[in-house]
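The lines below spell out each chain.
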Amino acid sequence: MRLIVFDMDGTLIDTQALISEHMGSAFRSLDLPPPTPAEVRQIIGLSLPVAVGQLAGTDDIDVIEGIVGQYKSFYKASLEHEFDREPLYPGAREALDRLREQKGTVLGIATGKGLTGVARILDNHRITAHFTTLQTPDHNPSKPHPGMLLSAMQETGAAPEQTVMIGDTVFDMELARAAKVRSIGVSWGYHDAAELLKAGAGTLIHDYSELDAAIERVLE
C-alpha cells in the first residue's frame, strides 16, 4: 500500500487572494499594520496561530488570538456568498480521480487549515470520499513538525518509504523530511521552486498531468 498526502492551500486549492485579503482586514480591524501579500505568501501552510504570530512579530497570546478571531470572522462571512474563491487548481480533480482508482493507493490531507474548513472545502468540491485520512492542526503540531504525517501513516498503516507528501511550500518539504517520507513540490503554489528544492523536494512538477509519473519516480 502507498499513501499519497496532499497539502491544500497552494497545492489543491488556490486561496492566496482570499487569505491575503482577510489577513489584512483582521490586522486593520485591530489597528495593526497589515502584512503585505508577499509576507502572507510566506506563512501560508502554517497553522493559523503560528502564522499570525510570525506576521505580527509577537508571541503575545492575547494579540494572536485577537487577530485569529477576526481573521476567521472575515473569512467565514465572505464564504457565505463566494464559494468560488476556493477553487481547485486545474487538473487537481482529475489527478485525484486517477489516484483514487489505483489499487493499493490511499489518499490523505496534511494542512495548516482547521478540520472544519477542510471538511467544508472537500464537501463543496465533492471529493470528501477520495481521502482516507485528514490531518490538521486540530490534533497535530503545526508544520514542519512531522506529527501530521506520522499520524497519517499510523492511521492508514502506510510505511514511510511508501508515503509521499505533495506540497507547494518549504514547510511541506521540511515536514516530509522530518517524517522520513518522499516529497513532491508543485511549482504553481506560494513558495518558489528553488526554495522547494533547497528544502529537500524529491522532485518538482509544473502541472497535475505530471503527478502520476512523479509519484512513480520518487517511490522507485
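Relevant structure appears above.
Cut-off values and rules
Residue positions are given per chain, counted from 1 along the sequence in the order it is written. Per-residue local features of the predicted model are confined to residues with pLDDT of at least 70, and side-chain atom pairs are confined, for both listing and counting, to 80 or more; whole-chain, interface and lining totals are unaffected and use all residues. Side-chain measures here rest on the full set of heavy atoms in the structure, leaving out hydrogens and waters. In DSSP terms, a helix is any run of H or I states spanning at least four residues, a strand is any run of E spanning at least two, and both are numbered starting from the N terminus. Note that the radius of gyration is over C-alpha atoms, with the globule rule given as 2.2 Å times the number of residues to the power 0.38. For every residue, the accessible area (1.4 Å probe, protein chains only) is compared with the maximum for its type, and the residue is labelled buried under 20%, exposed over 50%, or partly exposed between those bounds. Contact definition: two residues touch when any of their heavy atoms are within 4.5 Å. Throughout, the Shrake-Rupley method with a 1.4 Å probe supplies accessible areas, and for residues the shown protein chains are the sole cover considered. When charges are counted, neither His nor the chain ends are considered; positive counts come from Lys and Arg and negative counts from Asp and Glu. A charged residue contributes its charge at one atom only: NZ of Lys, CZ of Arg, CG of Asp or CD of Glu. The pairing test for Phe, Tyr and Trp rings, Trp by its six-membered ring, is centres within 6.5 Å, and the orientation test on the planes gives stacked under 30 degrees, edge-to-face over 60, and tilted for anything in between. Throughout this description, the term salt bridge denotes a Lys or Arg side-chain nitrogen within 4 Å of a carboxyl oxygen of Asp or Glu. Given the number of residues in a helix, its expected span is that number minus one, multiplied by 1.5 Å. By definition, two strands form a pair when at least two bridges between them are found by DSSP. Interaxial angle, 0 to 180 degrees, is taken between N-to-C directions of lines fitted to C-alpha atoms, where a helix line uses only the stretch in contact. By convention, a crossover is right-handed whenever its connection, traced from the first strand over the helix to the second and viewed with the strands pointing away, goes clockwise. Put simply, a nonpolar core is a bunch of buried Ala, Val, Leu, Ile, Met, Phe, Trp, Tyr and Cys residues held in one set by side-chain atoms that sit within 4.5 Å of each other.

Caption draft 1: Local environment of the overall build of the protein. Helices and strands together make up the secondary structure of the protein, namely 10 helices and six strands. For 220 residues, the compact-globule formula gives about 17 Å, and the C-alpha radius of gyration of the protein, at 17 Å, lands near that figure. With the principal axes as the frame, the protein shows a C-alpha extent of 50 × 35 × 30 Å. Split into buried and exposed, the 220 residues of the protein put 52% on the buried side. Contacts spanning at least 24 positions in sequence make up 65% of the contacts within the protein whose residues lie at least 6 apart. When the accessible area of the protein is evaluated, it comes to approximately 10000 Å², of which 52% is carbon and sulfur surface. The average position of the 19 basic charges and that of the 31 acidic charges among the side chains of the protein differ by 5 Å.

Caption draft 2: Spotlight on the packing of aromatic side chains. Taken as a whole and judged by the stated rule, the model has three aromatic pairs. Arranged with centres 6.1 Å apart and planes meeting at 50°, the rings of Tyr89 and Trp188 form a pair that is tilted. Within this pair, whereas Tyr89 is found in the loop between α4 (61-79) and α5 (92-101), its partner Trp188 is found in the loop between β5 (182-186) and α9 (193-198), the two being separated by 99 residues in sequence. Joined through ring pairs, the aromatic side chains of Tyr89, Trp188 and Tyr208 make up one cluster.

Caption draft 3: Quick look at the pattern of salt bridges. As enumerated under the stated definition, the model contains seven salt bridges in all. The shortest N-O distance in the salt bridge between Asp212 and Arg98 comes to 2.7 Å. Here Asp212, found in helix α10 (residues 211-218), pairs with Arg98, found in helix α5; they are 114 residues apart in sequence, far enough to count as distant. The class of Arg98 is partly exposed, set by a relative accessible area of 34%. Shared partners join several salt bridges into a network, and the residues in it are Asp7, Lys143 and Asp172.

Caption draft 4: Just helix α1 (residues 16-29), in detail. Compared with the 20 Å implied by 1.5 Å per residue over 14 residues, the 20 Å span of α1 between its first and last C-alpha is a close match. Turning to α1, its buried residues number three or more, namely Leu18, Ile19, Ser20, His22, Met23, Gly24, Ser25, Ala26 and Phe27. Looking at the residues trailing α1, positive phi occurs at Asp31, about 60°.

Caption draft 5: Geometry of the sheet that holds strand β6 (residues 203-205). In spatial order, the strands read β3-β2-β1-β4-β5-β6; together these six strands make up an open sheet with parallel pairing. Every other strand in the sheet has two partners, leaving β3 (131-135) and β6 as the edge strands with one partner each. The average undirected angle you get between the axes of adjacent strands in this sheet is 25°. The sheet contact formed by β5 and β6 spans three bridges and is parallel.

Caption draft 6: Representation of the pairing of β3 within the structure. Note that strand β2 (residues 105-110) and β3 share four bridges and pair parallel. Bridge pairing in β3 links Gly108 to Thr133. Chirality of the crossover, the property in question, places the unit of β2, helix α6 (residues 115-124) and β3 among those that are right-handed.

Caption draft 7: Representation of the environment of Lys180. Relative to the helices and strands, Lys180 resides in the loop between α8 (170-179) and β5. Judged by relative accessible area, which is 65%, Lys180 ranks as exposed. When the C-alpha positions of Lys180 and Pro160 are compared, they lie 6.1 Å apart, and in sequence the two are 20 residues distant.

Caption draft 8: Region of the structure containing the nonpolar core. Of all hydrophobic cores here, the largest spans 51 residues; its most connected members are Phe6, Leu12, Phe131, Ile184, Tyr208 and Leu211. Ranked by residue count, the leading element in this core is α4, at six residues. Excluding residues that lie within four positions of it along the chain, Leu211 makes contacts with Phe6, Ala95, Leu99, Ile166, Ile184 and Ile205. Core analysis: the second largest hydrophobic core is formed by 14 residues, Leu3, Ala152, Leu175 and Ala179 among them.

Everything listed here is a matter of geometry and, on its own, says nothing about what the molecule does.
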